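Spelled out, the chains give:
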Amino acid sequence: RRGEMAKATQLIDNEVFRAYATYTAIVLLKMMLMSLITAYFRITRKAFVNPEDTASFGKGESAKKFLRTDPDVERVRRGHLNDLENIVPFVGIGLLYALSGPELSTALLHFRIFVGARIFHTFAYLIPLPQPGRGLSWAVGYSVTFSMAYRVLKTAWLL
Amino acid sequence: RRGEMAKATQLIDNEVFRAYATYTAIVLLKMMLMSLITAYFRITRKAFVNPEDTASFGKGESAKKFLRTDPDVERVRRGHLNDLENIVPFVGIGLLYALSGPELSTALLHFRIFVGARIFHTFAYLIPLPQPGRGLSWAVGYSVTFSMAYRVLKTAWLL
Amino acid sequence: RRGEMAKATQLIDNEVFRAYATYTAIVLLKMMLMSLITAYFRITRKAFVNPEDTASFGKGESAKKFLRTDPDVERVRRGHLNDLENIVPFVGIGLLYALSGPELSTALLHFRIFVGARIFHTFAYLIPLPQPGRGLSWAVGYSVTFSMAYRVLKTAWLL
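This one's a predicted model, so the numbers in the text were calculated from it and none came from an experiment. In every chain, residue numbers begin from 1 and rise along the written sequence. Labels are handed out in written order, letters beginning with A for the chains and numbers beginning with 1 for the ligands. pLDDT decides what is reported in this predicted model: residues at 70 or higher carry local features, side-chain atom pairs at 80 or more are listed and counted, and totals for whole chains, interfaces and linings draw on all residues regardless. Calculated side-chain values reflect all of the structure's heavy atoms, with hydrogen atoms and water omitted.

S.K.: Can you help me understand the relation of the copies chain C and chain B in this one?
M.R.: Both copies of the chain are related by a screw-like operation: a rotation about an axis and a shift along it. If you rotate chain C by 120 degrees and push it 0.0 Å along the axis, it lands on chain B with an RMSD of 0.0 Å. Both chain copies can therefore be described as sitting about a three-fold axis. No C-alpha of chain C approaches the rotation axis more nearly than that of Val88 of chain C, which lies at 4.3 Å. We call two residues in contact when some of their heavy atoms are within 4.5 Å. When you check the interface residues of chain C against chain B, a mere 17% turn up at the interface there too, and the two sides of the contact use different surfaces. The least-squares superposition of copies is restricted to C-alpha atoms, and to residues with a pLDDT of at least 70 in both copies.

S.K.: Any chance you could explain the UniProt feature "transmembrane region" (unreviewed entry) in chain A here in plain terms?
M.R.: Cross-referencing UniProt, the feature "transmembrane region" (unreviewed entry) maps to residues 20-41 of chain A in the present numbering. The way it works is that DSSP assigns letters per residue, a run of H or I at least four long becomes a helix, a run of E at least two long becomes a strand, and they are numbered from the N terminus. Here residues 20-41 of chain A is 100% helix and 0% strand, with 32 Å between the C-alpha atoms at its ends. UniProt positions are given in the numbering used here, feature names are shortened, and annotations may be inferred rather than shown by experiment.

S.K.: Explanation requested: the side chain of Ser137 of chain B in the structure shown.
M.R.: Residue and element names in this part refer to chain B. Structurally, Ser137 is set in helix H6 (residues 133-156). The classification of residues rests on relative accessible area computed with a 1.4 Å probe and restricted to protein chains. Under 20% of the type maximum is buried, over 50% is exposed, and intermediate values are partly exposed. On the basis of relative accessible area, Ser137 is assigned to the buried category, the value being 5%. In the analysis that follows, any N or O atom pair within 3.5 Å is treated as a polar contact, provided that within protein one partner can donate a hydrogen and the other can accept it, and provided that, for residues neighboring in sequence, both atoms belong to side chains. In terms of polar contacts, Ser137 uses its side chain to reach the backbone carbonyl oxygen of Arg134, at 2.9 Å. Sequence-distant contacts of Ser137, that is, excluding residues within four places in its chain, are made with Ala117, Phe120 and His121.

S.K.: Teacher, can you tell me more about the nonpolar core here?
M.R.: For soluble globular proteins, nonpolar side chains are generally found buried alongside one another. Nine residue types can take part in a nonpolar core, namely buried Ala, Val, Leu, Ile, Met, Phe, Trp, Tyr and Cys, and a core is a set of them joined through side-chain atoms within 4.5 Å. Judged by nonpolar contacts, the single largest core of 115 residues is most densely connected at Phe17 and Phe111 of chain A, Phe17 and Phe111 of chain B together with Phe17 and Phe111 of chain C. Those residues in contact with Phe111 of chain C, other than ones at most four positions away along the chain, are Val16, Ala19, Tyr20, Tyr23, Phe90, Tyr97 and Met148 of chain C.

S.K.: Please clarify how the interface of chain C and chain B should be interpreted in this entry.
M.R.: Often, the extent of an interface is quoted as the loss of accessible area on bringing the components together. Listed by partner, the interface residues are 41 residues for chain C and 36 residues for chain B. As used here, buried area is the combined drop in accessible area, with a 1.4 Å probe, of two parts when they are placed together. Carbon and sulfur atoms make up 70% of the surface buried where chain C meets chain B, a total of about 3300 Å² over both sides. Contact with chain B buries area across many residues of chain C, yet Thr22, Met32 and Glu52 of chain C alone supply 18% of it, more than any other trio. Any carboxyl oxygen of Asp or Glu within 4 Å of a side-chain nitrogen of Lys or Arg constitutes a salt bridge here. Where chain C meets chain B, there are three salt bridges. For Arg75 of chain B, the salt bridge is made with Glu52 of chain C, and the minimal N-O distance between the two is 2.8 Å.

S.K.: Just checking my understanding: could you explain the interface of chain B and chain A for this structure?
M.R.: Counting residues at the interface gives 40 residues for chain B and 35 residues for chain A. Summing the contributions of chain B and of chain A, the shared interface buries around 3300 Å²; its carbon and sulfur component is 70%. Across the chain B-chain A interface, the total number found is three salt bridges. Summed over the shared surface of chain B and chain A, the result is 12 residue pairs in polar contact (both at pLDDT 80 or more). Of all the secondary-structure elements, those providing two or more residues to the side of chain B that touches chain A are helix H1 (2-8), helix H2 (15-44), helix H4 (71-98) and helix H5 (104-126) of chain B. If one sorts the elements of the side of chain B that touches chain A by residue count, H2 of chain B sits on top with 18 residues. Under this grouping Gly is polar, as are all residues other than the nonpolar Ala, Val, Leu, Ile, Met, Phe, Trp, Tyr, Cys and Pro and the charged Asp, Glu, Lys and Arg. For the side of chain B that touches chain A, the residue count by class is 25 nonpolar, six polar and nine charged.

S.K.: Would you explain the relation of the copies chain B and chain A in this entry?
M.R.: Rotating chain B by 120 degrees and translating it 0.0 Å along the rotation axis places it on chain A, where the RMSD comes to 0.0 Å. Comparing interface residues between copies, only 15% of those in chain B also lie at the interface in chain A; the contact surfaces differ.

S.K.: Hey, could you run me through the packing of H4 of chain B against helix H2 (residues 15-44) of chain C in this one?
M.R.: Between two packed helices, what matters for the description is the angle formed by their axes and the separation of those axes. Angles run from 0 to 180 degrees between N-to-C directions of axes, and those axes are lines fitted to C-alpha atoms, restricted for helices to the stretch in contact. It is at 10 Å that the axes of H4 of chain B and H2 of chain C come closest, and there the two elements cross at 160 degrees. By the criterion of interaxial angle, the relationship of H4 of chain B to H2 of chain C is roughly antiparallel. Seen from above, H4 of chain B lies across H2 of chain C with left-handed handedness. Here Glu85, Val88, Pro89, Gly92, Ile93 and Leu96 of chain B of H4 of chain B come into contact with H2 of chain C, specifically with Phe17, Tyr20, Ala21, Thr24, Ala25, Leu28, Met31, Met32 and Ser35 of chain C. Of the residues in the contact of H4 of chain B with H2 of chain C, the class split is 11 nonpolar, three polar and one charged. Comment on the angle field: the value is read as roughly parallel under 35 degrees, roughly antiparallel over 145, roughly perpendicular from 65 to 115, and oblique elsewhere. The handedness criterion is simple: a crossing whose near helix is rotated anticlockwise from the far helix by less than a right angle is left-handed, and one whose near helix is rotated clockwise is right-handed.

Below is the structure:
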């Protein structure tokens, strides 16, 4: 049984899985960064949503005026939600893809393009860059996930 | 070490894991489809949220009128968020469930009912069907995930 | 091939992986609970968003007045979204962390603190507790995920 236990940690010896782990950790950390950016804009723009978050500004009407939406805060939040919508499929399908035995070079190509596209997408959303910059970076990441899903379904298909 | 590397890709040889991979890829692709449907309604209803997305409609007031919410767009977005809320637990708990050694037939039953329920849920949301169609399909998917979580906790419990 | 099939289910024999499975199932079930709490407040506050959900209250104007936002419903929904933003990175990075071969005691420390912090965060959001209770519990969970990501990147790094 001790031998079996050891095996469980050996996924991490597989190079494709190591690449998956590296890029997944990076892109999830990038997504987590959106929370910090939202907090930064909420504090600097003084735009909060929960009454208890404005208590330090005093009571009553003086604090109530900070319960408002701010365009910069909303922009970061949209970027964050778009990350969730796109990075969740990447993490799930990417794991299955990494376990489907692709060539390391092909896998690296998928992971690098996806993570690069999502980092570009964040800059395009926050600066903001004129379209179709953001739209294209979204489509590139989407296509990479689609390509990985195709290989997963081709390799694993059992309905 | 090469032997260990090979092992890492052999999860995909396990039939329950193959079934998990198949249904997870399908349901994540279905979730990704919501992005395309949102884009379709944003473009056909001319209802955008980012000023830079309306730049092609001209400048100033003529473009500003397309910065608005549309009931059809909002409906798809609610369906998309509901997917995130329900498919994320399925993907996470389903992976642990697939590794907990269930019977293939039991696992297939869980995966098929969940994915069927979520596809029905999307149609129920977008058409929309009268209640309780959408509510029931949500509850069916929820119950499947709960059932898998029960087995995971029974098998793996180490607090 | 039967030998390989058996191996696939042996991840669950690894104690760190069992701990990961236990805490991930618990925290995902906690996240799923937010859906039930939202439904509870929607029904008790009579605050719905889809016209078809108010059909049982009659037709026309009498039902339309239940298509409204309610502060309690919105509060639960914000808690749910915050869960998605924070629990998704935990589940993804935690899996890679569990496969990176950490000490069981260190891994348990990470998982326990994260799940405890997220349960506290939910109470802090829903009661609500005065700040910085909610903010601190958010930061604790965030830091745990960051710490696991650091180990994943140190162990698996392949860019």
